[in-house]
Amino acid sequence: MNIILKKKIFSFLAVFIFSLIIPEYSWAKIPIKSFKDDQISVLLYHDSFEMADNNNILIDRHSMDPWIIVDGCLHSSEKVILVILGREGEIRGERLACFTYEGGKFREKWIDNNRQINPWKILMCDVEGDGKPEVAVGVWKKAQFHPVFDNRLFIYSWEKEMIYPKWLGSRLSSPFVDFDFRDMNHDGTAELIALEYQKDGLKRVMAYEWTGFGFRGITVLGKNLSMNNISEFYLKGRELNEIY
Ligand SMILES: [Ca+2]
Ligand SMILES: [Ca+2]
C-alpha cells in the first residue's frame with residue numbers, strides 16, 4: 001500500500017473517530033453558511049450565529065438554544081439575517097425568524113408562529129429584477145389542490161422588516177428536490193432553477209422565469225441526473241449561458 005493512501009486512510013479514520021468521541025463539538029463548529037458584509041463576516045452554525053471582524057476577532061455571538069438553525073440568508077442592505085429554526089433530529093425546520101446584526105450586536109426581531117410549512121431552504125432572490133429583493137423559502141406541505149405533503153416554493157416580499165406572501169406555489173412543472181436563483185443567461189435577472197424529478201425517477205434541472213403571477217418553465221438545463229443537490233449540478237462545470 002503506498003504511503004499517500006495510508007496517510008489518507010489514517011486521516012479519514014482520525015476524523016471519523018474524533019467525530020464519534022465528541023460529536024457535539026465537531027458538529028457545532030462547522031459553519032453551515034458564512035457571509036461577508038463590509039468589515040465583518042457573519043457565520044451561521046447549527047446552534048448559534050457569530051459575527052467577526054476582518055481579523056477573525058469575535059464581535060458578538062448569539063446562541064439559538066433550544067432551536068437549531070436549518071438554513072439562513074443575509075439581507076445585507078437591511079443588516080438582517082433570516083433563518084429557518086428547527087428542532088434537533090428533525091430533517092426540516094419549523095419556523096422562520098429574523099435577526100438584525102447592526103452595530104456589532106445580534107438582535108432578535110421576530111420568530112414566526114406558523115408551524116405548518118416545514119421550511120428547509122431559504123435564500124434572497126429578486127424574481128422580477130426590480131432591485132427589490134424577495135425571500136424564497138422551500139417548504140414541505142400540502143396544497144389546497146394537491147393535498148399531499150410535497151416540496152413547494154414560497155416567495156415572500158420584504159417590507160418594513162417583515163415578510164409578506166407574494167407567491168405561495170403549489171407546484172412547479174414537476175416535483176422538485178432543490179432550487180436556487182441564478183442569472184443563467186446574464187440578462188441581469190436571476191432565473192429560478194429547480195432540480196426536479198423526471199417521469200423515470202431520474203432528475204432534470206429546469207429554468208423558470210417570473211411571469212408576474214408565477215413561474216413559467218423556459219428551458220431544461222440538464223437531464224437524466226441522479227444528484228440530490230443543485231450545487232452538484234453547478235459543480236459539474238456545465239455551460240450555463242445557454243438559455244434560449
Ligand atoms: Ca423584486
Ligand atoms: Ca437571467
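See above for the structure.
Residues numbered from 1 in each chain as written. Chains lettered and ligands numbered in written order. Predicted model: local features only at pLDDT ≥ 70, side-chain atom pairs only at ≥ 80, totals over all residues.

Below, the discussion takes up the overall build of the chain. The secondary structure content of the chain amounts to three helices and 16 strands. Relative to its full complement of 244 residues, the chain shows a buried share of 26%. The long-range share in the chain, meaning contacts at least 24 apart out of those at least 6 apart in sequence, stands at 31%. (Helix = DSSP H or I, 4+ residues; strand = E, 2+ residues; numbered from the N terminus. Buried ≥ 20, exposed ≤ 12 C-beta atoms within 10 Å, placed from the backbone. Contact = placed C-beta atoms within 7 Å.)

To continue, consider the pairing of strand β10 (residues 134-143). Consecutive residues of a regular strand have side chains that alternate between opposite faces of the sheet. Bridge count between strand β9 (residues 121-125) and β10: five bridges; the pairing is antiparallel. Bridging across to β10, Lys121 finds its partner in Gly138. Note: β10 against strand β11 (residues 146-159), nine bridges, orientation antiparallel. Pairing of Lys141 across the sheet is with Asp150, part of β11. Linking two consecutive strands that pair antiparallel, namely β10 and β11, is a turn of two residues. (Pairing = 2+ DSSP bridges.)

A few words on the environment of Val177. Among the secondary structure elements, Val177 is positioned in strand β13 (residues 176-182). When near neighbours in sequence (up to four residues on either side) are disregarded, Val177 contacts Asn151, Leu195, Lys203 and Asn228.

On the secondary structure map, Asp180 appears in strand β13. Among the residues examined, Asp180 registers 20 C-beta atoms within 10 Å and is labelled buried. Between the alpha carbons of Asp180 and Ile122 there is a distance of 9.5 Å; along the sequence they are 58 residues apart. Not counting residues within four places of it along the chain, the set of residues in contact with Asp180 comprises Ile193 and Ile230.

Another point: unusual backbone geometry. The omega angle of the peptide bond from Asp65 to Pro66 is 10°, so this bond is cis rather than trans. Looking at the secondary structure, you find Pro66 in the loop between β4 (58-63) and β5 (68-75).

This part is about the sheet that holds strand β6 (residues 80-86). Here four strands make up an open sheet; going across it, the order is β5-β6-β7-β8 and the pairing antiparallel. One side of each edge strand has no neighbouring strand; the edge strands of this open sheet are β5 and β8 (107-111). For this sheet, the mean angle separating the axes of adjacent strands, direction not counted, is 25°. Two strands pair when backbone bridges link them, and strand β7 (residues 95-100) and β8 are joined in this way by four bridges, in the antiparallel orientation. Bridge pairing links Ala97 to Ile111 in β8. (Axes fitted to C-alpha atoms, helices over the stretch in contact; angles between N-to-C directions.)

Attention now moves to the environment of Phe176. By the element assignment, Phe176 lies in strand β13. For the pair Phe176 and Ala194, spaced 18 residues apart in sequence, the C-alpha to C-alpha distance is 6.4 Å. Among all residues touching Phe176, those that are not within four sequence positions of it are Asn151, Ala194, Leu195 and Glu196.

Ordered by their spatial adjacency, four strands build an open sheet running β1-β2-β3-β4, and the pairing between neighbours is antiparallel. Either end of the sheet is taken by a strand with one partner, and the two such strands are β1 (33-37) and β4. Pairwise comparison of adjacent strand axes, ignoring direction, gives a mean angle of 15° for this sheet. Strand direction decides the pairing type here: strand β2 (residues 40-44) and strand β3 (residues 48-53), joined by five bridges, are antiparallel. Within the sheet, the bridge partner assigned to Val42 lies in β3 and is Met51.

If you look at the hairpin formed by β2 and β3, you'll find three residues sitting between the two strands. Two elements, β3 and β4, share five bridges in a ladder whose sense is antiparallel. Bridge pairing links Phe49 to His62 in β4. Remark: four residues form the turn of the hairpin made by β3 and β4, two consecutive strands paired antiparallel; Asn56 in that turn has positive phi of roughly 65°.

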